[in-house]
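# Understanding the architecture of this molecule
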Amino acid sequence: LLSRLTGSFRRGGGREEDAGKGVMSLGERIKALTQNSENSDKRKKAAQQGYASLPSESSNSTSVMPEFGTFTATDVLAQALAPSVTPASQHQVGILTGHEKEILSVAISADGTRAASSSVDGTVRLWDLGLLEEVARCEGHRDWVWALSMARNGGMVASCSRDRTAKIWAWPGRLVQSIEHKGEVLSVSLSNDATRLYSAQGKSVLIWSVQDGKRLMELKKHEDLVRSVIASEDNMRVVSSAKDATIIVWNAVNWTCERVLKGHQAIIRNVDISSGKMISCSLDKTVRLWDVETGREERVMMGHSQDVRGVAMDENARVAVSCSFDKTLRVWDLASGTEMAQLLGHTDKVFGVAISANGGLAISASWDLSLRLWDLRDLRTKPREAAHKPAVSKIQASEKEILAVTITPDGTLAVSCSVDGSVRVWDLQDGTQVVKCVGHTDWAWGVCVSDDKRVAVSCSRDCTARVWSTETGEMLRKMDHDAEVMCVALSSDGQSIVTGEGKNVQVWDTYSGEQMGVKKGHTGVLRCVATHADKIVSGAQDMSVRVWTFEDWQCLAVLEGHTGVVRGVAIRDDVIVSCSGDRTVRVWSLAAKSEQQVLHGHEEDVRGVALSGDGKVAVTCSFDKTVRVWDVENGTQTAKFEGHTDKVFGVGLDRSGTRAVSCSWDMSVRVWDIAGRESERERVLQPPSLVAAGRERPEAPESLVGARQQSRALQESIARQQGPDSGLGPEQEPLLGGAGAG
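Residues numbered from 1 in each chain as written. Predicted model: local features only at pLDDT ≥ 70, side-chain atom pairs only at ≥ 80, totals over all residues. Heavy atoms only, no water.

### As for the overall build of the protein chain
Note the cut-off: Here a strand is any run of E in DSSP of at least two residues, a helix any run of H or I of at least four, and the numbering for each starts at the N terminus. For each residue, the accessible area found with a 1.4 Å probe, counting protein chains only, is set against the maximum for its type, and the residue is called buried under 20%, exposed over 50%, and partly exposed in between. Accessible surface area values rest on a Shrake-Rupley calculation with a 1.4 Å probe, where residue burial reflects the displayed protein chains alone.
Each helix and strand in the protein chain was counted, giving six helices and 59 strands. For the protein chain, the proportion of its 742 residues judged to be buried stands at 61%. Summing over all exposed atoms, the protein chain offers an accessible surface of approximately 28200 Å²; the carbon and sulfur share of this is 46%.

Listed below in structure tokens is the structure:
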């Protein structure tokens, strides 16, 4: 404890030594924390905008450390000591300190023996990784040093800064070139032969001669600030990424744009290129792998819970390491796109990462004022032990957060809806998108699907419910409401649609789109509805569950017990299951009109519930990022599934109770094998704009939708789309739940 208080640091091997190189003592750190509280709000706003910072701050401004608006002495002491007491990952082999303010970037030589780092303190530091010692402190920049690039042999380092310069340093710290720019320089890259320097200024990529510092070329095509630039190892291409969420591949011989790559949904923070592959990371929390020759996106890797700030891969494009504001580094197997390890130890945002050519050593830079070394050799040679996550597949299902998902009784198709207003149909056999239904002009809150898989119904903030063909994506019917529609369900025979608008349950004719009735009784806004046989179940903000009949519009029961908003309901015969913001799942008997079980386990708001056909298995999802399986009869939790990296909003379960689907704000749909407990086999697939022409679809079973004599209009519409064999057949066993906004 005494050594920590005097500002010492730990190096590899576990020994403690006095830093003696300007490392902040406890008193200095507390002073910096308190001084920064004055500009807390302004800095937070600036940080949200990317690399922006306060214009009023000069190069000798107070370190941008975590601030306290109102705090106690205990708060400040805990923050000041935090970097010293957080446990490190088993792969961490060394910590280097010396920078006086937050570290922004790091670079490493190909053989892993040398490194360079840059900081808010305006310095570039050179490190001998064999001795774990600082070799030189390079001074010359007058403001934050944003980024670095190191020559393959470690003999030359380039840096760029807010002071509108790029500088080139020769090992061990001699300044050999200073190149003036017209604006802030956000990224630099040395060519492999160290004869050219590429820099990012504004919306342009600039090319310079290292020998005389003269500008050779300016490349313009990005529509917003360029955040990263990198040269290929053969000096034939340059790759840049920008705030406009695009990546551009430039021909470094004739300076033309070869292709523009799109896929990320937010600012692209960093790119790396090696062996014909390119990797990128973004504010959208994803890491993506691309083929440089074709421009095809090959992998989307998800796992980080916040902005991904840096990524690097080995020379053979087999292993990559990414770093994030979530304070972690993650190691990726690029062949499969799977996460091999999560590296823990940093106590603040991790801003930069670099990896040796053979992929055996990584180094990271953080706002906790430390550089950390990671030994990855065992990860390259030892196969990853499969985690017990029975996800059959993971589908990158939308460009925005997904709000609801449902599954067909036979478990072959899923339907999801999203903040982007789209409704998407998925083939769960191969994880591909069947069709994308477009029409809603605002968030699509809920979705349900008919047992014959031919029709889906969705509801939206745009005050409509819409009926879709799941095979063509055509909108078959639109039902206008007076207010936002929060939840929707289909009757078991498919003839009626139930929606929740305000405090009322509304029933509509599926074929004509006409309103058939309104059920009133809730005193709070409806959040969920479900149907089974002749029953309707609804849940609302008034914390009650109500049961209604289709026939006489009567309220059969009012079930009370939840102490929070009722988010989801499901019904099978006499069994009703509900979930709530009170973090509980409750099982009710309709016959007894009473509560039978209270199921505890979720740690946050429970947002969705689904039941198997026999009512014996329930699946729930929660803001705690988990999906849980329950034995309804005895009230026990039988499984807990982890994998989503953000709040889980919806869940569905097939008739047999063996396959479930879940959707999340991490923009993915995951499919879970409940019965088989398969090891994880993940595929991340971008939804295509259209299904490939001529793609064969499994033959749908006979429709459960009863044929009303007065409703031939919709049937004829479906028949025109599906051919002469689309006649509506006899009813099947009722099995349909609902989905809602939560």
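Moving on, there is more to tell.
### Re the packing of aromatic side chains
Aromatic ring pairs are described here by two measures, namely the spacing of the ring centres and the angle between the planes. Inclusion rule: Any two rings among Phe, Tyr and Trp, with Trp reduced to its six-membered ring, count as a pair given centres within 6.5 Å; such a pair is stacked if its planes are under 30 degrees apart, edge-to-face if over 60, and tilted if neither.
Evaluated as defined, the whole model comprises seven aromatic pairs. With centroids separated by 5.0 Å and ring planes inclined at 5 degrees, the aromatic side chains of F351 and W367 adopt a geometry described as stacked. Here F351 is found in strand β28 (residues 350-355), whereas its partner W367 is found in the loop between β29 (361-366) and β30 (370-375), with 16 residues between them in sequence. The same class applies to F351 and to W367, which are both buried. Look at W443 and W445: their rings are 5.4 Å apart centre to centre, the planes differ by 70 degrees, and that puts the pair in the edge-to-face class.

### Focus on the sheet that holds strand β16 (residues 226-231)
Defined as follows: Here, a strand pair is defined by DSSP locating no fewer than two bridges between the strands. Orientation is described by axes fitted as lines to C-alpha atoms, over the contacting stretch for helices, and by angles from 0 to 180 degrees between their N-to-C directions.
With respect to topology, four strands assemble into an open sheet ordered β16-β17-β18-β19, the strand pairing being antiparallel. Bordering the open sheet on either side are β16 and β19 (257-262), each of which pairs with just one other strand. If you compare each strand with its neighbour and ignore which way they point, the axes differ by 15 degrees on average. Direction of pairing for strand β18 (residues 246-251) relative to β19: antiparallel, over a ladder of five bridges. Bridge assignment links W250 to a residue of β19, and that residue is C257.

### Observations concerning the pairing of strand β7 (residues 133-138)
Consecutive side chains of a regular strand alternate in pointing toward one face of the sheet and then the other. Of the strand pairs in this sheet, strand β6 (residues 124-128) and β7 are connected by five bridges, and their pairing is antiparallel. Bridge pairing in β7 places W127 opposite E134. Two successive antiparallel strands, β6 and β7, enclose a turn made up of four residues, where L132 displays a positive phi of approximately 55 degrees.

### Comments concerning the pattern of salt bridges
Heads up, the rule is: Whenever a carboxyl oxygen of Asp or Glu lies within 4 Å of a side-chain nitrogen of Lys or Arg, that contact is scored as a salt bridge.
The tally for this structure, following the rule as stated, stands at 36 salt bridges. Of the charged contacts in the structure, one is a salt bridge between R137 and E139, with a shortest N-O distance of 2.8 Å. Take E139: its relative accessible area is 53%, and that puts it in the exposed class. In this structure, K478 engages D480 in a salt bridge whose closest nitrogen and oxygen atoms are separated by 3.9 Å. Judged by relative accessible area, K478 falls into the partly exposed class, the value being 40%. What you see here is one network of salt bridges that share partners, running through R237, E258, R259 and E293.

### Observations regarding the environment of R670
For clarity, the threshold we go by: For this analysis, a polar contact is any N or O atom pair within 3.5 Å, provided that within protein one partner can donate a hydrogen and the other can accept it, and provided that sequence-adjacent residues contribute only side-chain to side-chain pairs.
You can see R670 is positioned in strand β58 (residues 668-673). For the pair R670 and G643, spaced 27 residues apart in sequence, the C-alpha to C-alpha distance is 8.5 Å. There is a polar contact of 2.9 Å between the side chain of R670 and the backbone oxygen of G643.

### Some words on the sheet that holds strand β32 (residues 402-407)
An order of β32-β33-β34-β35 is seen for the four strands of this open sheet, with the pairing classed as antiparallel. A single partner strand is all that each edge strand has here, and the edge strands are β32 and β35 (432-437). With direction set aside, neighbouring strand axes in the sheet form an average angle of 20 degrees. Bridge count for β32 against strand β33 (residues 413-418) is five bridges, and the pairing is antiparallel. Bridged to I407 within β33 is A414.

### Let's talk about the side chain of T620
Secondary-structure assignment places T620 in strand β53 (residues 617-622). A polar side-chain atom of T620 sits 2.8 Å from a polar atom in the side chain of H602.

### Observations regarding the nonpolar core
Generally speaking, nonpolar side chains in soluble globular proteins are found buried as a group. What counts is decided by this rule: Nonpolar cores are built from buried Ala, Val, Leu, Ile, Met, Phe, Trp, Tyr and Cys residues. Side-chain atoms within 4.5 Å join them into one set. The contact criterion used throughout is that any non-hydrogen atoms of two residues lie within 4.5 Å.
Judged by nonpolar contacts, the single largest core of 24 residues is most densely connected at L104, W146, M156, V188, L190 and L197. Going through the elements one at a time, β8 (145-150), β9 (156-161), β10 (165-170), β12 (185-190) and β14 (204-209) are the ones with two or more residues in this core. In this structure L190 touches S149, M150, A151, M156, V157, A158, R196, L197, V210 and A231, once residues within four positions along its chain are discounted. In terms of nonpolar packing, the next biggest core, distinct from the first, is built from 19 residues, L403, C448, V457 and W508 among them.

### What about the pairing of strand β40 (residues 485-490)?
The element β40 is largely enclosed, with a buried count of six among its six residues. Relative to strand β41 (residues 496-501), β40 is paired through five bridges, and the arrangement is antiparallel. What sits directly across from V488, in β41, is T499. As consecutive antiparallel partners, β40 and β41 are separated by five residues, and within that stretch G494 has a phi angle of approximately 75 degrees, a positive value.

### Some remarks on the confidence of the model for the protein chain
Filter applied, for reference: Note: pLDDT gives the predictor's confidence per residue, expressed from 0 to 100.
When pLDDT is averaged along the protein chain, the result is 80, and 76% of the positions lie at 70 or above. Below a pLDDT of 50 lies the segment residues 381-392, which in the model reaches 29 contacts outside its immediate sequence neighbourhood of four places, other chains included. Low confidence marks residues 677-739, where pLDDT is under 50. Its contacts with residues over four positions away, or in another chain, come to 161 contacts.

### Describing unusual backbone geometry
Geometrically, the link from W171 to P172 is a cis peptide bond, its omega value of 10 degrees lying close to zero. One non-glycine residue, S275, adopts positive backbone phi at about 50 degrees. Structurally, S275 is set in the loop between β20 (268-274) and β21 (277-282). A positive phi is found at A317, a non-glycine position, where the angle reads about 55 degrees. Residue placement: A317 occurs in the loop between β24 (308-313) and β25 (319-324).

### Notes on the environment of I355
The residue I355 is located in strand β28 in this model. The exposure class of I355 is buried, given its relative accessible area of 11%. Once the C-alpha coordinates of I355 and M313 are considered, the two residues, 42 residues apart in sequence, prove to be 6.4 Å apart. The residues contacting I355, other than those within four sequence positions of it, are I108, A312, M313, D314, V319, V321, L361, A362 and L376.

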